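Results of the structural survey
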Amino acid sequence: MTDQAIHRPAALTITPRDRRFGAVSSPGRLWHGGRVEATAIYNALSTTFPKGEAFFVESVRAFRDGAPPQLAEDIKAFTTQEVIHSREHDRFNQRAEEAGYDLSKLDQRVEERLAIGRGRPPVANLAATMALEHFTAILAHQLLADPRHLEGADAEAAELWRWHAAEEIEHKGVAYDTWLHATRHWTRWKRWKVKALIMLLMTRNFVVDRTQGSLELMRQDGVTGVRAWAALFRYLWVWPGVFRKIGGAWASYFLPGFHPWNHDDRHLLTAYEAAAKGGAEPAKKVRRAA
Ligand SMILES: [Fe+2]
Ligand SMILES: [Fe+2]
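Below is a summary of the structure that appears in this document. Computed from a predicted model, the values in this text were never measured in an experiment. (Residues numbered from 1 in each chain as written. Chains lettered and ligands numbered in written order. Predicted model: local features only at pLDDT ≥ 70, side-chain atom pairs only at ≥ 80, totals over all residues. Heavy atoms only, no water.)

A few points about the packing of helix 7 (residues 174-182) against helix 8 (residues 188-220)
Under the convention used in this document: Lines fitted to the C-alpha atoms define the axes, with helices restricted to the stretch that makes contact. Angles between their N-to-C directions range from 0 to 180 degrees. Helix and strand assignments come from DSSP, with helices taken as H or I runs of at least 4 residues and strands as E runs of at least 2, each series counted from the N terminus. Roughly parallel here means an angle under 35 degrees, roughly antiparallel means over 145, roughly perpendicular means 65 to 115, and every remaining angle is called oblique. For a crossing to be left-handed, the near helix must be turned anticlockwise from the far one by less than a right angle; the clockwise case is right-handed. Working rule for contacts: check all heavy atoms of both residues, and any pair within 4.5 Å makes them a contact. Ten residue types, Ala, Val, Leu, Ile, Met, Phe, Trp, Tyr, Cys and Pro, are classed as nonpolar, four, Asp, Glu, Lys and Arg, as charged, and the remainder, Gly among them, as polar.
Packing of helix 7 against helix 8 brings their axes to within 11 Å, and their N-to-C directions diverge by 140°. Judged by the angle between their axes, helix 7 and helix 8 are oblique. As for how helix 7 packs across helix 8, the hand of that crossing is right-handed. Facing helix 7, whose interface residues are Tyr176, Trp179 and Leu180, helix 8 presents Arg191, Val194 and Lys195. Each residue belonging to the contact of helix 7 with helix 8 can be placed in one class, and the counts come to four nonpolar, no polar and two charged.

Structure representation (structure tokens):
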């Protein structure tokens, strides 16, 4: 029995949903309930997705040769989901630019981080992807579990974030399973050491870069200095306090025997699907194209 077979829920299906958002209307500048800091945080995160998720796909696909059939199938579905996410966040970012934001500094930062990655061995990029996919999955869990995170947001923009969150949960084990496969001949200690060190590095970069990005966007809305820091701190750590809430799930990554599916949160997917069916635009499922 492979490691993947031990952890992955047997009934799990990873289903790309070819959704399109923002084709007709724009969410406007302060789309997140008129709140400068909330809009800035989500916009800063969205700016990373088109290039960041292309990097995830590249990093995982570098190890698809020789993967067992279930993993190979999962990698295809993961790729299709991430490619569609990149497309929709690219569109979302264009809308932010049309609303007057200058995303060039944030984009440049993403480019700089990716340039460092190009000089690293492929397995280090896979470990970076696995760490960031864990980050994404625990943020996605929060987003779907607690409606306060998107309270007051433009309805279509909120739907984009919920759709992305659902698919991040659905494919949260793929980069990890690819890593288990790619490092199957490593010792447990070496696996843990590389995984843990890269997670610490990715966490530092993620927090520093997204904070700087959010502050830059807040500056463009005229909020600077202590006011900006205080609003950001409050939103991330106090209310709705997403960083505070993901602390335990983040730390679980370092436990021996960790796997993203040790925490089975498929009930959030069921609830998402039920809500999407009742929505104006039902989720159209696509065949796996990758
Ligand atoms: Fe994604
Ligand atoms: Fe992902």
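Remarks on the packing of helix 5 (residues 122-145) against helix 7
Relative orientation of the contacting elements helix 5 and helix 7 amounts to 150°, with a least axis distance of 9 Å. The orientation of helix 5 with respect to helix 7, classified from their angle, is roughly antiparallel. As for the relative orientation of helix 5 and helix 7, their crossing is left-handed in sense. When helix 5 is examined against helix 7, the residues Val123, Leu126, Ala127, Thr129, Met130 and Glu133 are found in contact with a partner set consisting of Ala175, Tyr176, Thr178, Trp179 and Ala182. Of the residues belonging to the contact of helix 5 with helix 7, the class tally is eight nonpolar, two polar and one charged.

So, the coordination of the iron ion (ligand 2)
Octahedral metal centres with six donors ideally show angles of 90 or 180 degrees, and tetrahedral centres with four donors ideally show 109.5 degrees. Note the threshold: Each metal's donors comprise the N, O and S atoms found within 2.8 Å of it (within 3.2 Å for Na, K or Ca). Water is not part of the atom list, so some coordination spheres may appear incomplete. In short, tetrahedral needs four donors with all angles between 85 and 135 degrees, square planar needs four and octahedral six donors with opposite donors over 155 degrees apart and all other angles between 65 and 115, and whatever is left is irregular. Classification of residues uses two cut-offs on accessible area relative to the type maximum, computed with a 1.4 Å probe and protein chains only: under 20% is buried, over 50% is exposed, and between them is partly exposed.
Taken together, the protein donors to the iron ion (ligand 2) comprise Glu82 (OE), Glu133 (OE), Glu133 (OE), Glu168 (OE), Glu168 (OE) and His171 (NE2), at separations of 2.0 to 2.7 Å. Here the iron ion (ligand 2) is ringed by six donor atoms whose angles at the metal span 52 to 152°, and the overall shape comes out irregular. Binding-site remark: the iron ion (ligand 2) is held by donors from one chain whose sequence spacing is E-x50-E-x34-E-x2-H. Taken as an interatomic distance, the gap from the iron ion (ligand 2) to the iron ion (ligand 1) is 3.8 Å; Glu82 donates to each of them. You can see Glu82 sitting in helix 3 (residues 69-98) and its partner His171 sitting in the loop between helix 6 (155-170) and helix 7, a full 89 residues away along the chain. For the pair Glu82 and His171, one class covers both residues: buried.

Points about the coordination of the iron ion (ligand 1)
At the metal site, the iron ion (ligand 1) is ligated by Glu53 (OE), Glu53 (OE), Glu82 (OE), His85 (ND1), His164 (NE2) and Glu168 (OE), and these contacts range over 2.0 to 2.7 Å. Geometry at the iron ion (ligand 1) is irregular, judged from the six donor atoms that bind it and their angles of 52 to 167° at the metal. Mapped onto the polypeptide sequence, the residues donating to the iron ion (ligand 1) form the spacing pattern E-x28-E-x2-H-x78-H-x3-E.

Description of the nonpolar core
Under the convention used in this document: As used in this record, nonpolar core signifies buried Ala, Val, Leu, Ile, Met, Phe, Trp, Tyr and Cys residues forming a set joined through side-chain atoms within 4.5 Å.
Judged by nonpolar contacts, the single largest core of 82 residues is most densely connected at Trp161 and Tyr253. Considering every element that reaches this core, the biggest residue donor is helix 5, with 13 residues. Dropping the residues within four chain positions of it, Trp161 is found in contact with Trp31, Tyr42, Leu45, Ser46, Phe49, His89, Phe92, Leu143 and Leu150.

Re the pattern of salt bridges
Close approach of charged atoms lets side chains of opposite charge pair. Going by this rule: Here a salt bridge means any side-chain nitrogen of Lys or Arg lying within 4 Å of a carboxyl oxygen belonging to Asp or Glu.
Counting across every chain of the model gives 23 salt bridges. For Glu159, the salt bridge identified is with Arg162, shortest N-O distance 3.5 Å. On the criterion of helical spacing, the pair formed by Glu159 and Arg162 is a turn pair, its members being three residues apart in helix 6. Connected via shared salt-bridge partners are Arg17, Glu167, Glu170 and Glu273.

A closer look at helix 6
Using the following cut-off: To estimate how far a helix should reach, multiply one less than its number of residues by 1.5 Å. Within 3.5 Å is the distance limit for a polar contact, defined as a pair of N or O atoms, with the added protein rule that one can donate a hydrogen and the other accept it, and that residues adjacent in sequence qualify only through two side-chain atoms.
Under the 1.5 Å per step criterion, the end-to-end length of helix 6 is 23 Å for 16 residues, consistent within 8% with the ideal 22 Å. Where burial is concerned, most of helix 6 is hidden: 13 out of the 16 residues are buried. The N-cap residue of helix 6 is Asp154: its side-chain oxygen and the backbone nitrogen of Glu156 are 3.2 Å apart.

Brief notes about the side chain of Asp209
Here Asp209 shows up in helix 8. Apart from the residues lying within four places of it in its own chain, the contact partners of Asp209 are Arg109 and Arg113.

Concerning a nonpolar patch on the surface
For the record, the criterion: Patches were defined on residues exceeding 30% relative accessible area and lacking a salt bridge, with like-charge contacts within 9 Å and nonpolar side-chain contacts (Val, Leu, Ile, Met, Phe, Trp, Tyr) within 5 Å. Per-residue and other accessible areas follow the Shrake-Rupley method at a 1.4 Å probe size, with only the shown protein chains counted as cover for residues.
A cluster of nonpolar side chains, contributed by Phe233, Trp237 and Val238, occupies part of the molecular surface with about 310 Å² of accessible area. As for its position among the elements, Phe233 is in helix 9 (residues 225-238).

Considerations on the side chain of Glu37
Within the element layout of this structure, Glu37 appears in helix 2 (residues 36-61). If sequence neighbours within four positions are ignored, Glu37 has contacts with Met218, Ala231, Leu232 and Tyr235.

Comments concerning unusual backbone geometry
Residues Trp239 and Pro240 are joined by a peptide bond in cis, for which omega reads -10°. With respect to the helices, strands and loops of the structure, Pro240 is situated in the loop between helix 9 and helix 10 (242-251).

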